Structures are given as structure tokens and as C-alpha cells.
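As a plain string of letters, each chain reads:
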Amino acid sequence: MNLKRRITLLRTQSGHADGAPSAAAPPQPSFKERVEQLRRPENPRTPMAACERDTALAQRLNGRLVADGLIEVDDVFPLAHAHGHRPLARLLDAPLGTLAPGGASDPEGLLLVDTETTGLAGGTGTIAFLLGLGRIERAGLRVRQLFLTRFSGEGALLARALEWFQAANTIVSFNGKCFDLPLLATRYRLHRMQAPFQPLGHLDLLHATRRLFSKSWADCRLRTAEERFLGFIRTDDLPGHLVPVAWSAFLRTGDLRSIPAVLEHNRWDIVSLAALAAELAHLYGSATHPEADLVAVARQKIASGRLQEAAEHLNGHGGRLTTPAWQLLANEYRRQGRHAQAMAIWEALAARGSNEAMEDLAKHHEHVRKDYARALDYTRALLEQAPGEARHGQRQARLMAKARRAGLLPK
Amino acid sequence: MAHAPHRAFAEESARRSDDADASDKGRDVVRLIERIRAKYAPRITGELVIPPRAGQYVPFPAGLDARLDHALRARGIHQLYSHQHQAWNAIMDGQSVVIVTPTASGKTLCYNLPVLHQALTTRAKALYLFPTKALSQDQVAEILELNQAGDLGVRAYTFDGDTPGDARKAVRTHGDIVVTNPDMLHQGILPHHTKWAQFFENLRYVVIDEMHTYRGVFGSHMANVLRRLKRICRFYGSAPVFVFSSATIANPGELAHALLGEAVTPILESGAPQGKKHLLLWNPPVINADLGIRASSRSQVTRIARFALKSGLKTIIFANSRLMVEVLTKYMKDVFDHDPRRPARVSAYRGGYLPTERRATEKCLRDGRIDCVIATSALELGVDIGSLDVCLLNGYPGTIAATWQRLGRAGRRHRDALGVLVASSDPLDQFIVRNPSFFLGASPEHARISPDQLLILMDHVRCAAFELPFQDGERFGGEPLGDMLGYLAEEGVVHHEGDHWHWMADSYPANTVSLRSIAEGNFVVIDTTDGKKEVIAEVDYSSAAMTIYEGAIYMVQARPWQVERLDWEGRKAFVTRTQADYYTDAIDYTKLKILDEFEHSGEPSASCACGEVHLVRRIAGYKKIRYYTHENVGYGQISLPDQEMHTSAVWWRVIPAALDSVFANRWSALDGFLGAAYAMHSVACLLSMSERHDIGRAVGDSQADWFATVSPDGRAMRTPSPGAALDGFMQGDQFSATVFLYDNYPGGVGLSAQLYDLRDKIVEQAQALVSLCECREGCPACIGPILAGEQQRGFSPKAAALKVLSLLRPPHDA
Ligand SMILES: [Zn+2]
């Protein structure tokens, strides 16, 4: 009995679903496809044929075969190019520093990164067969795509990418911290090369997007952000789950029909990264969006120490919704010892009925201003709201004692 | 000494008073034995004395790092035992070794010493593999103590499912010694080896403790995990030395060789001193002669423990389940800890307790503040608990090796110590206590693996292909790698390009490979008691039909559950807790056909062979059998699909003429075969350290023309294959009755080959099992449950089984 039959038999006998290849296997080509595949001249049987096939594919993709098994495709999008509602030029004056505290960056230092991979499983068995990179140059947004026509092109891919990584100072990605970059690090390691990311900053736009939109959107995928935030709708886009299928079909049968769509899919990802980085930065700056979480914006400003801006931002969007953000800002002022500003906010909030602000005022008057009478007023008001609250009761008793000692009340 | 640094210090500095004290205690132990012997002689089925042994000491090796030297001395260790020194020499020489020395003989220092020395002097890294998490943590604690004593700065970490995400990076990059388990290596480390690059580049030692647990299916997987590990090490340019350590089994060198795929130097002579040891085998008395019911082992254990404590002897009791630990603890506390104002003398110790609780108990034990500890296997090894005088085993732990490991907990140096193995009513226990010979001389237990079992091998080829592309001409296991990769290519998971095979599926193969089973067909057992939904066990596909049919009583840690529903397609069994006073026994009809005979031996009249078989098994129903009385209290129907299996088997066959010379008719001969098969099955499990469901048994002929089984209402119902006339076989020369024992896994796991090697021993021991059994006509402890009416029929199934066994026994030592 040959090995295959033995395996199939034993798998059936050990309770495997049907003894056939596992469910994870991609769909097998039909008989017709297999016949076509045998007839198709570009199906490589020899290195020479493979090389010819790759050259033909490179032409079709408007790229060039830069190494064995590696096609490089360059595109430039002028900054006037509108991706959705707004032109890419918005990146030039975007306050990028607002996206990551401390990590200010000029647009020329950004490197947009997105990979297409054989899967999402991670580990050493997943390969990036397409690496999309983007950066701002004088002519506009340059997108460089490195596409493998064979596994053996990977070393060349990684080597060619080095130059772009070395020229950049901040990586921009969408979920790249968890996915693309660790995966690339693994690939560099397997090729015994030093991964070039160490000195670079990393702006993962997924996190910024989540902070701003997770309350209003059902999910925070890149596609959702494109449609609801950038106003960019893809037509005829190859769905993400078919991307690995397309590449494995190409490898196995030489079927290259879906390859241009794979590259386009990745190219739009890169362009969207540029547009999204710009719009998120503006949103954190001064722009608005009806679905964005204003508190998160304020929090971001407060976290990066721009309190004045935060106050302006909150003023611009007054209303009850922002109470927690005001509170946060007041706390930050208090922490910095800017009590007047803090008190002004608390008083405004207390006037709107915020118990938290009233309690802060009570504390403030007790400990900072030693104005026990005012503190008592706030504490009494709080006790009216919540008569059983022990800590208010305790504060009241303590304040009475202090007031007596200070001669404000009869002993 | 090296193994117990705390105590060692005390011992070194106070050797004299210790000796004086030791001889007192020694006398106490001897007095206790005398008292027990005087009072309970009939319950003692065997007694043996292991003579004391003087320690063999060697100075620290020249060139030992000064910091380590200092740390050892700070812990009271001033010289090595000879086996530690031997291990040092071999390991430093770059040889892989297997260390087989008793519990508490300083085994861990055998590897800790070279590993720490090299970590200090050359920044060499080490990977420690323990089968359980608890053992890993104990190990790290021990290294850290030494580390602290000498301010060594060696970083030892555990890495397992409990390691928090943010700590993992530190372990990977800074760990000098990483302690983990095979499952984590298989699923968490190897498939992410690039993250561990630094570690693998400097990996010089791989320590595999508890090697004897890597046998059968688990061991076969382990061998493949090690193949993968070595492959990854080659990628990073390292070639680590492997250090195995094992409990005493018959073939440690062979097992280590099979696991590693290369020769391994065995270190078998312990240089640790040992006091005189007394071992008693104890069978509880029969309390109902008519029904053959014995007193519980628990009642016996508590009785002996009371004696021991009253004699001022420190005692450890081992139980086989957590529940039994609690029951015994309550009983002992009722006797000795009834006054809450006084410090507790009795304590429990088992898995499931918090580490802090366990550490506290260990400390109390070392300081001698506790007189009695009741434990599960969690205390079997590793942990330092100081010296104890008496060790009681409530029930046989399942293997002789584990029995010795537990008994090793009592006795040190100059003291006499006592171990008592108290049998439960389990047939295997009953067998063991009647055979003191198992404890004399060399271990009877063989651990065998089959790393090239095709399904297991394929699983790991998959995992390995994911980890690193295979290259043409590379080898992995004993089957042609190219063919296996070709199969995977057809499946679409790898792609051949140039001279490499690249992984290209979107999957993570290690997650679908469990190291404890073959293939993916496992069943999960789900407890639904009180609306719960909790997975309490996993059952292999091959044994599911025999163990978790609807109505079955399924035991987990000696507690009974009843199977309410079996979802065959979904691979799930839903169970609830039960108080049933019976167990269930499946009735299987197994037709077996010999496909190929590999080896053959024996006489023309009776022979033994091994080879490949095809079998079809139908589980037709089950019997309910009451505990203790073993009476049949009901039947159930089972409707499950037939199971088919190609596997390997060993079989014994007797020609008709030989049978006819001792049996009046062939029907009784078949009864004899069924009884003999039952006994041989028990013995085979014991000798191969297997669970009962790892090995299947059947009686039939070699062509699947007929087979015999124990039917619900009588022994030996014979069912011919459709179309065959039964009577034809009952006369004439066509009747070739055969006992089969087979690997109960598709493709086999190497058990049968081993059983073939042990063929004479199996028959011989089965004879002893049956003839030494105290029953009259047969019982579940020897030849399986028999019908109440057998005696009246004037027929003894037991005698019939013995006749068959003597026919099977080779003449040269008959
Ligand atoms: Zn019996």
C-alpha cells in the first residue's frame, strides 16, 4: 500500500472527519482548471519559463522584475489626488504630533506599510507575499509594491525594502503593531537579516481610529474608516479573505487573473493609510466629525499637555456630553497647581448639576483655600442629593470641627 | 544531601546527634514492623528488605565556577555523590545522558550543576521540560534558592500558559534557564522560534525530567517534538546536549535513545546513602467470604498510620485521587487534630492548592512540625520535604516505577524506613500484592514508543514544515519525507518550489495536534451536572465506543459519572455525577484478521507471533456490574457504528489436537481462552506501563471466521461470520483458537512489538495471576467476571483458563 493510501486509511480509522485532506485546505482546482493549467504556456516547468512568465506578469502590472521571483511596482499619487472627500495634500499641514504624544513627525519621514500574507495564523509559517510601502515625495505619494512570484524571491524583497525603512523615521500602519511588523520581523530573522524597524517610531492608526470611533461604529476596520470617515468607497475590491487564495492559486496553477486585483487592493490600503493619518491628525487638531468621540479627542490633547487647546476644543463642542472631558481637564489643571482654571471648570460643571464637580469644589475649598464655610455649603448641597452618603457626612463633621476651631462657628 | 539543601546543612553540622537520633528512629520503625507483623500477619502478602547503602562521595570537580562552589557550600553541600560527578563528567564532555537513580538521591543537581556552571562561565542557555506545570515551578524555586545563596544572577523562568503576555518577552530574551512543558514547546515556542532566536542560538542543554512518562502515544509525540527541536537548533547553529532523568524502568537507555534518535549514556548507579528499607505488601482482610468482599484500603491505611504516629514516626500517605486525599485527611485529623488549640499534626498536600499553601506545608514538613501528610502524586518528587519514616500507599499507583518514586519519600541515610503498599479491590492491585517478585530485582516495566507511527509522524511533519521549509534530501523520521510532503502538497498545505517545500496554508498546525492522542477524532466529556457545562476529560476516538456509550459509568479521578448522551458526530459525551453502585462493561464483538506476520516463535502445537491485523469491532451492549459482589445487575443496548482498524497485534495460537487432549469439548476450550485472554491483558498492561484501553484483546481465529466473547447471559458466546457454519469449527482441524492483544490505535503505537518480546513473561505472569487468586472458579481480579451459575454446571472457568495458559507456556521452562 502506498503512503498516501495508508495515511488516508488510518485517518479515517482514527475518527478524522472523512480521512480526506483537512477542512483548512483551499478549494482544489476543477478538472477543467487543471486541464487549462496544463495547456497554459505560462505555467512554469523550467526556470526559464518561470522567468518569462514573471516578466510577462510584471508588464501586465506596470512593474518590473527586479530580482528572481520579485516584481516591483511603483505608483505616484499627486497630492492633489482626492482620496474620498479630501486631497492627500491635507497630510502636509496635518498636526501629526497630535497622533502620538512625543512622536512629532514631518510627513516626509512617514513610511506607510501594509502587507498581504498567506494567512492570519502568525508564527513562522505565514509569509508576506506582497509588501506595500508608501512615502511622501516631492511628486506626491509614492507607493512601492514588492510582489513575490515565488517563495525564492523573499530574500530580495526583504533586502529591497531595507532602503525605504532606513530612510524613514516613523512607520504608519493599520494594526501593524500586532500583525504586519512582527510578521516582517520573523521573515527577516528567517533570512538571517537584521530587521530595520528598531530605530523607527510606529503610528498604528487602528488604535487612533478605535479611540475616536469605537463608540459609534460596529467595527473599526480600515474599510469602515474609509467609508464612514474618508468617504472613500472601493468598487470591485478583492475581498481580503480571497487575497491569499489568489496568490496560492497563482503559485500552484499559474493563474494570474486575480493578481492585478491583489495589488490594487494593497495599493488602496496604502493610500488610505496616508489619508487616514492626515484626517485623524486634523481631527485631533481642530477638525470635527459627527461620529468622533469628542472626549477621546480632549483626552488626547490633555495627555499631550495641550490644555489650552483642549479647553478650546471643549468650548467649541459645549454640552453635557463633554462633562467627563471637562472633569479630566480640571483634574489636570489641579495637578499642575493651576487652581483658578480648575475651579472655573468645576463651578461651571456644578452649575450644570455635576455632583463630582461639587465634591471637587468642597475638597478644593477645604484643603486649598481653607474656606470652610464654602466647603460646608457644597457638602450640604451634596448631602441633600445623597443623604446617606457616609463620606459627605464625614466631611461635614470634619468641616464643622475645623470651622469651630477657626471661630467660624460657635463652639 | 544535594537534593535537600536545607536539611543537608543541618545534617552536615549535626551529623552526630543526627546519627544518634537516626538509630532511635530506626529502632522505632523496626518495633512498629514487629507489632504490625504480630497482629496482622495474614494481611501481609509479601515483605522485603532493601539493605542500607553507604554514600559514595566525590569532591567538587576541578574548575567548578567559584560562585557556584560558594553557593553550594552556603547550602550545606560540600561534596558530590558519585552519580552526580559521573553526570558532570559526561555532560561536560558533551554526551547526552539518562540518569536513573531513586527519589531523593540528588537527581536534579546532576543537571543543575553543569547547566549553572556553563550559564555562569559561557552564558550557555538551557531548556528544562517537565510533564506538568507544578513540577516546573518547583524546579525554578529550587534553582532560585541556589541562585540566591550564591548571588549567581542566573535567570531561571517558567514559560507556560500562565506566563503573562508582558513577561514573555523578558523570558525569551533574558532567560538563562527556561522551564516549560512539552505542550508549550510544541504549540507556543517552536512555531514562533524566530522570537526565541537568541535563546536557540545559545541553547546548550535540554533537560527532560520524568522521562518514563513519555511512553506510548505521548512518548511517540514527544520524540517528534524533539526531532523538531533539534531541527530548529540546527537552523540557529546549536546542537544541545540532552539530559534525561527517569524513574526506574526496565529499559531507560532504550527509551532515551528512541526519544532522541541517538545514543545516550546511561547513569544508573546512585551514590546517595540510603538507610535500610522495609517494604510490606498488604491485602485488606476478606470481610464477606461468600461475596469475596475485602475491607477498604482506606480503613487499613488509617489503621497503620495511627500506629505509626503513635510510635512517633513521621508518615506520608499517598492517595490516587484528590478526593481520597480529602477523605483520608479528615479521618486522620479527627483522630489527631481534634484539639483546635494545639498546632495541627496532620496536613493535606495536593494539586489544586495554592502555591503558597503548598510551600507552607513543605516548610512545616522540613521543620518536622507536621507528623503526617496526605498527598497525591504532587509530592512524588522534586519538592524537598525532609525525611520521613513511613510511607503508606493507599492503592497501587498504576506502575511499579511510580510506586518506587513514592516509597522513596520515606527513609534517608542512616535510618530504617517502612513502606506499605495497601491494595484496593482493583484487579491490578490484587495482582500486584500477590506478586512480591515485581519488587525484587530489575524493574519489569518497559516503556516503548513508536515515533514513526504514521499519523503521529505526519502531524509533526506538518508542524515542522510550518516552522521551517523542508529541503529536498532532508530527513524527518523513518518514512520517506518526500512522499509525506507530496501528500501535504496534494492537500494544498505545502508548495514545492526549487528544492524547498514551503508552508502555504492559512493555518497553525500545532494547534490541531494534541500530544496525548492520535489524529483529531478525540471526544470531549462534558459534565452537565446542575446545569454546568464543563469539559472534564478527553477520550481517544479508538476507545470512545468502549468507554463513553450512553448509559456508561465513566470514572474520572475515581469518581463516577454517567453518560447521558453521546453525540458521535460532534465528538461529545454529556455526563452527570452519579452515586451508582455499579460499573459498566462493554460487550464487544471483535473480528480480527491477520494481514501480515512479522515474527513467529514457539512449538508446532502452540505458537506466538506478531504482525499486522485488520479488525472490525461492534459494541453491542453493556453489562452493569455491582462493585464488590461483581454480580450482573442489568444490561443496556448500544447502537454505535462499527469501528474498523488496521493495527499491530501479538497473538498466541494452539492447534486443535493440543486442545482436544486437555479439553472435553471445544466450547470449554473457548471459555479457557477467554479467561486466559483477560488475565494476559492485565499482565500485558502492567509490563508495558499501559492503560487498559491502550491495548485491546480478542479471541477468535486468524481469518475472522469466528470469534468468541463473553455474552450478557453466559460466557463464550461464539458468533461466526455471516455464512460460516459454526459447527464446522467445533470439530475437525480448522479450529485455530487464538488470543489476540492489539494496539488499540489505528496504525499501532509499538506496544505489540514490545509484547511480543515479553511473550513468555506475559503467559508466565498470567498463570501466576490466575493460580494465586483466592477465588474458586474465577473473578474479575483474575479471569474476568463469571456467572453465578458456573459452579452448579460443574465447570470451572478458572481451571479452563489455567489449562490454556499451560498450553501456551513454552515447554523449556514449563
Ligand atoms: Zn480470581
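Calculation rules
- Residues numbered from 1 in each chain as written.
- Chains lettered and ligands numbered in written order.
- Predicted model: local features only at pLDDT ≥ 70, side-chain atom pairs only at ≥ 80, totals over all residues.
- Heavy atoms only, no water.
- Helix = DSSP H or I, 4+ residues; strand = E, 2+ residues; numbered from the N terminus.
- Contact = heavy atoms within 4.5 Å.
- Areas by Shrake-Rupley, 256 points an atom, 1.4 Å probe, with all protein chains shown as cover.
- Salt bridge = Lys/Arg side-chain N within 4 Å of Asp/Glu carboxyl O.
- Polar contact = N/O pair within 3.5 Å; in protein donor to acceptor, adjacent residues only side chain to side chain.
- Nonpolar A, V, L, I, M, F, W, Y, C, P; charged D, E, K, R; others polar.
- Domains from an automatic or database assignment.
- Buried area = accessible area lost by both parts, 1.4 Å probe.
- Pairing = 2+ DSSP bridges.
- Axes fitted to C-alpha atoms, helices over the stretch in contact; angles between N-to-C directions.
- Buried < 20%, exposed > 50% of the residue type's maximum accessible area, 1.4 Å probe, protein only.
- Arc of directions from axis to C-beta.
- Core = buried A, V, L, I, M, F, W, Y, C linked by side-chain atoms within 4.5 Å.
- Lys, Arg positive; Asp, Glu negative; His and termini not counted.
- Phe/Tyr/Trp six-rings, centres within 6.5 Å; stacked < 30°, edge-to-face > 60°.
- Left-handed = near helix turned anticlockwise from the far one by under 90°.

A. Expanded view of the overall build of chain B. Tallying secondary structure elements over chain B gives 25 helices and 34 strands in all. Summarising the internal contacts of chain B: among those between residues at least 6 apart in sequence, 73% fall at separations of at least 24. Approximately 30300 Å² of chain B is accessible, and the part contributed by carbon and sulfur atoms is 50%.

B. Spatial organisation of the interface of chain A and chain B. Residue-level contacts link 37 residues of chain A with 42 residues of chain B. At the junction of chain A with chain B, the criterion picks out four salt bridges. A salt bridge links Arg11(A) to Glu491(B); the shortest N-O distance between them is 2.9 Å. In this structure, the connection of chain A to chain B is made through 16 residue pairs in polar contact (both at pLDDT 80 or more). Those elements that provide at least two residues to the side of chain A that touches chain B are helix H1 (3–13), helix H5 (180–190) and helix H8 (242–253) of chain A. Among the elements that take part in the side of chain A that touches chain B, H1(A) stands out by supplying nine residues, more than any other. Residue composition of the side of chain A that touches chain B, grouped by class: 13 nonpolar, 17 polar and seven charged.

C. Broad picture of the environment of Glu550(B). Residues and elements named next belong to chain B. Within the secondary structure layout, Glu550 lies in the loop between helix H19 (541–547) and strand E24 (553–556). Beyond its immediate sequence surroundings of up to four residues, Glu550 is in contact with Val563, Glu564, Arg565, Leu566 and Tyr622. There is a polar contact of 2.9 Å between the side chain of Glu550 and the backbone nitrogen of Leu566.

D. Quick look at the domain arrangement of chain B. Residue and element names in this part refer to chain B. Parsing chain B into structural domains produces domain 1 (4–53 + 274–439), domain 2 (58–267), domain 3 (454–512), domain 4 (523–577) and domain 5 (583–813). Each partner contributes residues to the interface: domain 1 has 15 residues there, and domain 5 has 15 residues. A buried area of about 1300 Å², summed over both sides, lies between domain 1 and domain 5, and 70% of it is on carbon and sulfur atoms. Per-residue buried area on domain 1 facing domain 5 is highest for Pro427, Phe431 and Arg434; these three make up 39% of the total on that side. There are zero salt bridges connecting domain 1 and domain 5. Counting across the domain 1 and domain 5 interface gives zero residue pairs in polar contact (both at pLDDT 80 or more). With five residues, the top contributor of residues to the side of domain 1 that touches domain 5 is helix H16 (residues 427–433). Considering only residue class, the side of domain 1 that touches domain 5 consists of nine nonpolar, four polar and two charged.

E. Region of interest: the sheet that holds strand E5 (residues 125–129) of chain B. Residue and element names in this part refer to chain B. In space, the seven strands of this open sheet follow the order E6-E7-E5-E8-E9-E4-E10, with parallel pairing throughout. Lying at the two open borders of the sheet, with one neighbouring strand each, are strand E6 (156–158) and strand E10 (265–267). Each neighbouring strand pair of the sheet contributes to a mean axis angle of 20°, computed without reference to strand direction. With four bridges joining them, E5 and strand E7 (residues 177–180) adopt parallel strand pairing. Counted as the bridge partner of Leu127 is Val178 from E7. Sheet contacts for helix H11 (residues 252–260): strand E4 (97–99) and strand E9 (241–245); angle to E9, the most-contacted strand, approximately 140°.

F. Region of interest: the sheet that holds strand E17 (residues 390–394) of chain B. All names here are of chain B. Read from one edge to the other, the open sheet built from seven strands follows the order E1-E11-E18-E17-E14-E16-E15, with strand pairing classed as mixed. Edge strands, defined here as strands with exactly one partner in the open sheet, are strand E1 (44–50) and strand E15 (346–349). Shown here is a sheet whose adjacent strand axes are inclined to one another by a mean of 15°, direction ignored. Pairing geometry for E17 and strand E18 (residues 417–422), over five bridges, is parallel. In the strand pairing of E18, Cys391 is matched with Gly419. Relative to E17, helix H12 (residues 297–310) is tilted by about 170°, and along the sheet it contacts strand E11 (277–282), strand E14 (315–319), strand E16 (372–375), E17 and E18.

G. Molecular detail of the side chain of His495(B). As for its placement among the helices and strands, His495(B) is situated in strand E20 (residues 494–497). The class for His495(B) is buried, based on a relative accessible area of 11%. The residues contacting His495(B), other than those within four sequence positions of it, are Phe151(A), Leu251(A), Arg252(A), His500(B), Trp501(B), His502(B) and Met504(B).

H. Summary view of the domain arrangement of chain A. All names here are of chain A. Segmentation of chain A into domains returns domain 1 (48–285) and domain 2 (294–405). One C-alpha centre belongs to domain 1, the other to domain 2; they are set 46 Å apart. Contacts between the two partners involve nine residues from domain 1, matched on the other side by seven residues from domain 2. Here domain 1 meets domain 2 over a buried area of about 640 Å², counting both sides, of which 55% is carbon and sulfur. Here domain 1 is connected to domain 2 by zero salt bridges. Our count for the domain 1 to domain 2 interface comes out at zero residue pairs in polar contact (both at pLDDT 80 or more). Among the elements that make up the side of domain 1 that touches domain 2, the one with the highest residue count is helix H9 (residues 259–285) (three residues). Residue composition of the side of domain 1 that touches domain 2, grouped by class: six nonpolar, two polar and one charged.

I. Spotlight on helix H3 (residues 66–74) of chain B. Residues and elements named next belong to chain B. Among all positions of H3, only Leu68, Ala71 and Leu72 are buried. With its buried residues spanning 95° around the axis, H3 presents them on a single face. One or two steps after H3, the chain reaches Gly76, where phi turns positive at roughly 85°.

J. Examining the pairing of strand E5 (residues 110–117) of chain A more closely. All names here are of chain A. Across the eight residues of E5, eight count as buried, placing the element largely inside the fold. Because side chains alternate across E5, one face comprises the buried residues Leu110, Leu112, Asp114 and Glu116, and the other comprises Leu111, Val113, Thr115 and Thr117, equally buried. Here E5 pairs with strand E8 (residues 170–173) via three bridges, running parallel. Opposite Leu111, over in E8, you have Ile171 as the bridge partner. The pairing of E5 with strand E6 (residues 128–137) spans six bridges and is antiparallel.

K. Up close: the nonpolar core. Counting residues in hydrophobic clusters, the biggest one holds 110 residues, and the most contacted among them are Phe439(B), Val461(B), Phe470(B), Trp652(B) and Met680(B). Looking at which element gives the most residues to this core, the answer is helix H21 (residues 666–687) of chain B, with 13 residues.

L. Broad picture of the side chain of Asp694(B). Residue and element names in this part refer to chain B. Looking at the secondary structure, you find Asp694 in the loop between H21 and strand E31 (695–700). An unpaired buried charge is present at Asp694: no salt bridge exists, and Arg215, the closest side chain of opposite charge, is 6.9 Å distant. One polar contact links Asp694 to Tyr745, side chain to side chain, over a distance of 2.6 Å.

M. Examining the packing of aromatic side chains more closely. Residue and element names in this part refer to chain B. Scanning all chains against the criterion turns up 31 aromatic pairs over all chains. Taking 4.8 Å as the distance between ring centres and 90° as the angle between the ring planes, the aromatic pair formed by Phe159 and Trp196 counts as edge-to-face. In this pair, Phe159 is assigned in the loop between E6 and helix H7 (165–174) and Trp196 in the loop between helix H8 (182–189) and helix H9 (197–201), connecting sequence segments 37 residues apart. Judged by relative accessible area, Phe159 falls into the buried class, the value being 2%. Geometrically, the ring pair formed by Phe523 and Trp568 is tilted, given 5.1 Å between the ring centres and 55° between the ring planes. Of this pair, Phe523 sits in strand E22 (residues 523–527) while Trp568 sits in the loop between strand E25 (559–567) and strand E26 (572–577); the two residues are 45 residues apart in sequence, bridging distant segments of the chain.

N. The packing of H8(A) against H9(A), seen in detail. Residue and element names in this part refer to chain A. Direction vectors running N to C along H8 and H9 enclose 145°, while the axes themselves pass 9 Å from each other. When you trace H8 past H9, the crossing you get is left-handed. Here Val243, Ala246 and Phe250 of H8 lie close against H9, whose contacting residues are Ile259, Val262 and His265. Among the residues making up the contact of H8 with H9, the classes are represented as five nonpolar, one polar and no charged.

O. The arrangement of unusual backbone geometry in detail. The phi dihedral of Asn62(A) is positive, around 60°, even though this residue is not glycine. Positionally, Asn62(A) belongs in the loop between helix H3 (47–60) and strand E1 (64–67). Backbone geometry at Arg571(B) places phi at a positive 60°, although glycine is not the residue there.

P. Structural view of the pattern of salt bridges. Residue and element names in this part refer to chain A. On inspection of all chains with the given rule, the structure shows 60 salt bridges over all chains. The salt bridge involving Glu137 is made with Arg135; its shortest N-O contact spans 3.0 Å. In this structure Glu137 comes out as partly exposed when scored by relative accessible area, which is 24%. Glu389 is the partner of Arg391 in a salt bridge, and the nearest nitrogen-oxygen pair spans 3.5 Å. In this structure, a network of salt bridges that share partners links the residues Arg64, Glu72, Asp74, Arg135, Glu137, Arg142, Arg144 and Arg160.

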